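Spelled out, the chains give:
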Amino acid sequence: MRIVVALGGNALLRRGEPMTAGNQRANIVRAAAVLADLIGEGHSIIITHGNGPQVGLLALQAAATSDGRTFPLDVLGAESAGMIGYVIEQELGNLLKERLFATLLTQVKVDPHDPAFAHPTKPIGPVYDEATARKLAIERRWRIAPDGDKWRRVVPSPRPLEILEAAVISFLVERGVIVICTGGGGVPVIARVDGSLCGVEAVVDKDLASSLLARQLKADMLLLLTDVDAVYVDYGTATARALRRVSPKELSGKNFPAGSMGPKVSAAIEFIEATGKPAAIGKLDDAVEIVTGERGTWFEADALPSPIEPRRF
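Definitions and cut-offs
Residues numbered from 1 in each chain as written. Predicted model: local features only at pLDDT ≥ 70, side-chain atom pairs only at ≥ 80, totals over all residues. Heavy atoms only, no water. Helix = DSSP H or I, 4+ residues; strand = E, 2+ residues; numbered from the N terminus. Rg over C-alpha atoms; globule rule 2.2 N^0.38 Å. Buried < 20%, exposed > 50% of the residue type's maximum accessible area, 1.4 Å probe, protein only. Contact = heavy atoms within 4.5 Å. Lys, Arg positive; Asp, Glu negative; His and termini not counted. Charge placed at Lys NZ, Arg CZ, Asp CG, Glu CD. Pairing = 2+ DSSP bridges. Core = buried A, V, L, I, M, F, W, Y, C linked by side-chain atoms within 4.5 Å. Axes fitted to C-alpha atoms, helices over the stretch in contact; angles between N-to-C directions. Phe/Tyr/Trp six-rings, centres within 6.5 Å; stacked < 30°, edge-to-face > 60°.

A. Highlighting the overall build of the chain. Secondary structure summary: the chain contains nine helices and 17 strands in total. Here the C-alpha atoms of the chain give a radius of gyration of 19 Å, agreeing with the 20 Å that 2.2 N^0.38 yields for 313 residues. In terms of overall dimensions, the chain has a C-alpha envelope of 55 × 50 × 40 Å along the principal axes. Out of the 313 residues belonging to the chain, those deemed buried represent 51%. Counting only contacts in the chain whose residues sit at least 6 apart along the sequence, the fraction spanning at least 24 positions is 75%. Mean positive and mean negative side-chain charge positions of the chain (35 and 37 charges, respectively) differ by 2 Å.

Here is the structure:
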């Protein structure tokens with residue numbers, strides 16, 4: 001199968017871990033082993049990845065310069081995509097020396113009038129306790145929001161409308177190249193009146209961009225990998241239960257957090273409704289078993305509800 005595999009930022013840097021080059025490398029080594037197993041099963045994969053922790057760190061580092069100036073988020077997004085893609089490509093190449101790889105910076109067109117610009121929801125950077133987050137929000141003019149039991153900076157996340165390098169990616173994939181692209185959701189750009197492009201101060205959601213990429217590439221499956229083993233209803237409560245196989249209709253009226261599982265569920269549903277093909281969400285380490293339907297949450301057009309055992313918190 002041709003599978004677009006989206007690696008969540010939290011799959012590449014575990015929650016609570018310091019954002020160091022060593023930790024990032026160690027987690028990518030782990031991810032590369034899983035991806036190599038998928039390739040070994042005969043699948044053609046296109047790899048996308050998140051960048052929330054990394055782009056936030058780059059923004060902090062840039063702001064700490066002597067004049068206090070920083071690069072815009074689109075430039076920092078491109079920088080983080082190159083940084084992460086480089087390590088993924090290198091570690092996969094170490095495991096699969098006979099294969100060809102390419103890391104491609106990817107521009108993603110968005111609507112300059114997207115209401116998301118006025119309502120930031122995308123978490124980036126480190127986590128803070130509430131008091132520290134509120135203090136930083138005042139000092140740095142940030143918008144902040146809860147992320148689990150912590151708080152993080154949030155930035156605009158407009159909907160992706162078009163993957164501009166999709167034809168290049170398809171060209172490489174058709175020739176057996178394993179492509180790493182759409183890093184951090186891609187670099188958000190808008191078209192000016194004259195048709196020229198320019199970047200915007202935002203971070204595109206990686207899962208929604210991956211869903212769009214999967215549709216443009218006519219992929220057979222969309223696989224969204226994170227640090228949670230499935231999609232849960234009532235997550236974090238005593239009544240939480242993991243979903244095994246679901247259809248978009250079954251999830252109607254259910255709410256999932258905007259900064260974490262919400263975009264993943266939306267991305268999966270958009271892919272299914274546009275293509276009729278399956279999407280799945282689950283834990284990075286379970287990737288091979290998720291593709292075979294043994295683990296994770298599968299989204300199918302006509303799936304029969306089959307919940308996993310209730311989770312104990």
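B. Summary view of the environment of Val-29. Within the secondary structure, Val-29 sits in helix H2 (residues 21-40). For the pair formed by Val-29 and Leu-12, sequence separation is 17 residues and the distance between their alpha carbons is 9.3 Å.

C. Representation of the sheet that holds strand S11 (residues 197-199). What the four strands build is an open sheet, ordered S8-S4-S10-S11; its pairing is mixed. Of all strands in the sheet, those with a lone pairing partner are strand S8 (162-163) and S11, marking the two edges.

D. Region of interest: the pairing of strand S6 (residues 143-147). As paired elements, S6 and strand S7 (residues 150-155) share five bridges and run antiparallel to each other. Its bridge partner being in S7, Pro-146 is matched across the sheet by Trp-151. Between the end of S6 and the start of S7, which pair antiparallel, lie two residues, with Gly-148 showing a positive phi angle near 70°.

E. Quick look at the nonpolar core. With 42 residues, the main nonpolar core has Ile-46, Ile-169, Leu-213, Val-231, Leu-251, Val-265 and Phe-299 as its most contacted residues. Going through the elements one at a time, strand S1 (2-7), helix H6 (166-174), strand S9 (178-181), helix H7 (206-216), strand S12 (221-226), helix H8 (261-275) and strand S16 (279-283) are the ones with two or more residues in this core. The dominant element in this core, judged by the number of residues it contributes, is H8, at seven residues. With near-sequence residues (within four places) excluded, Ile-46 lies in contact with Arg-2, Ile-3, Val-4, Val-5, Ile-169, Val-173, Val-179, Cys-181, Leu-213 and Leu-217. Membership of the second largest hydrophobic core comes to 31 residues, among which are Ile-28, Ile-84, Val-87 and Ile-180.

F. Molecular detail of the sheet that holds S7. Spatially, three strands are ordered S5-S7-S6 in an open sheet, and the strand pairing comes out antiparallel. Strands at the two margins of the open sheet, each flanked by one partner only, are strand S5 (122-128) and S6. Put simply, the sheet's adjacent strands are angled 40° from each other on average, direction ignored. In the packing of helix H5 (residues 130-140) onto the sheet, contacts are made with S5, S6 and S7, and the angle to S5 comes to roughly 120°.

G. Representation of the environment of Ala-242 in the model. Turning to its location among the elements, Ala-242 is positioned in strand S14 (residues 241-242). The exposure class assigned to Ala-242 is buried, which follows from its relative accessible area of 0%.

H. Examining the packing of aromatic side chains more closely. What the rule picks out here adds up to one aromatic pair. When the centroid spacing of 6.3 Å and the interplanar angle of 40° are considered together, the rings of Tyr-128 and Trp-142 count as tilted. With Tyr-128 in strand S5 and Trp-142 in the loop between H5 and S6, this residue pair connects regions lying 14 residues apart in the sequence. Trp-142 gets classed as buried once you look at its relative accessible area, which sits at 14%.

I. Broad picture of the environment of Phe-256. Following the sequence through the fold, Phe-256 ends up in the loop between strand S15 (245-246) and H8. On the basis of relative accessible area, Phe-256 is assigned to the buried category, the value being 17%. Separated by 119 residues in sequence, Phe-256 and Ala-137 have C-alpha atoms that sit 25 Å apart. Once you skip the residues sitting within four places of it in the chain, Phe-256 turns out to touch Val-231, Tyr-232, Leu-251, Met-261, Gly-262 and Val-265.

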